[in-house]
Amino acid sequence: MPAASTTLRMLAVSVIASLTVTGCQTFEDAGRAMGRSELVNDLAARLDRALELTYSAEYQLPGGQTAAIAQAQDPARSAYSYPGGRLTVTPDAVTRCTAAGGRTTCTLLTPPTPGSKPTVALFTEANQQGLVTPPVVVGLLTAAALDPQAVIKQSDTTVAGHHATCVEVQRSDGGFTACVTTEGVLGSFTGPVDGKPMELALSRYSATVAKDAFDPPADASVVDRRPGGS
């Protein structure tokens, strides 16, 4: 099992433990805690499976813009494309590409430590450009599960021809709705991220990826900032 999967499962266990503290707890409170615990367990299990998948997903953003996520295994690689740029994570490098004025520049950075998962902070640029990444959604759902005042409702839908479970979350500081497909792929998201309104919906899903999905664009200028890089 990938290290990231183990980490997420441990996170789910810790959340469940904090939600089921004994004491003067009413049956209603216990029911709400159990609901949130089940939510986190389901999310962790789906993400476990998704981390072991090879797939590509395209998303529709507001204003006719698009974004995409590609993932492959052996070795584990992922690419996140969004308006104006792309982020790629492989065992060799973290590659950030930006496009401006008809030119694309890619910067190669030190990859995550082998066996670890990328930090949520790594996806800040993708979030700012409209692509809400799965790790960010995991963080939002986990925070909601830990909030005793949060109202969490579940429903089912179909996104791009795939069954998905949707979670509507209402908190004192705002709310969001997220849908996750049976495969564990992010189906849709609506709500604020870091204070910015976000919206995306899955438009196409494939169990394959392009051969060059994790390579810098052929016409890009590449700057290597890894230790020993040129």
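For the structure, check the block above.
Residues numbered from 1 in each chain as written. Predicted model: local features only at pLDDT ≥ 70, side-chain atom pairs only at ≥ 80, totals over all residues. Heavy atoms only, no water.

1. Regarding helix α4 (residues 134–146)
- Helix length check: α4 (13 residues) gives 18 Å between terminal C-alpha atoms against 18 Å at 1.5 Å per residue, within 8%.
- Looking only at α4, the buried set comprises Pro134, Val136, Val137, Val138, Leu141, Thr142, Ala144 and Ala145. (Helix = DSSP H or I, 4+ residues; strand = E, 2+ residues; numbered from the N terminus. Expected span 1.5 Å × (residues − 1). Buried < 20%, exposed > 50% of the residue type's maximum accessible area, 1.4 Å probe, protein only.)

2. Considerations on unusual backbone geometry
- Cis geometry marks the peptide bond from Asp74 to Pro75, where omega comes out at 5°.
- The topology assignment puts Asp74 in the loop between β2 (66–72) and β3 (77–82).
- One non-glycine residue, Asp194, adopts positive backbone phi at about 55°.
- Mapped onto the fold, Asp194 is located in the loop between β10 (186–193) and β11 (196–206).

3. Details of the pairing of strand β6 (residues 103–109)
- Across seven bridges, the pairing between strand β5 (residues 94–100) and β6 is antiparallel. Pairing of Thr95 across the sheet is with Leu108, part of β6.
- Here β5 folds back onto β6, and the loop between the two strands holds two residues, one of which, Gly101, carries a positive phi near 60°.
- Both β6 and strand β12 (residues 221–224) contribute to a ladder of four bridges, which runs parallel. Bridge assignment links Thr107 to a residue of β12, and that residue is Val223. (Pairing = 2+ DSSP bridges.)

4. Let's talk about the environment of Ala164
- Tracing the backbone through its elements, the reader meets Ala164 in strand β8 (residues 162–171).
- We classify Ala164 as buried; its relative accessible area is 0%.
- For the pair Ala164 and Gly184, spaced 20 residues apart in the sequence, the C-alpha separation amounts to 8.7 Å.
- Once you skip the residues sitting within four places of it in the chain, Ala164 turns out to touch Ser155, Asp156, Thr157, Val159, Cys179, Val180 and Thr181. (Contact = heavy atoms within 4.5 Å.)

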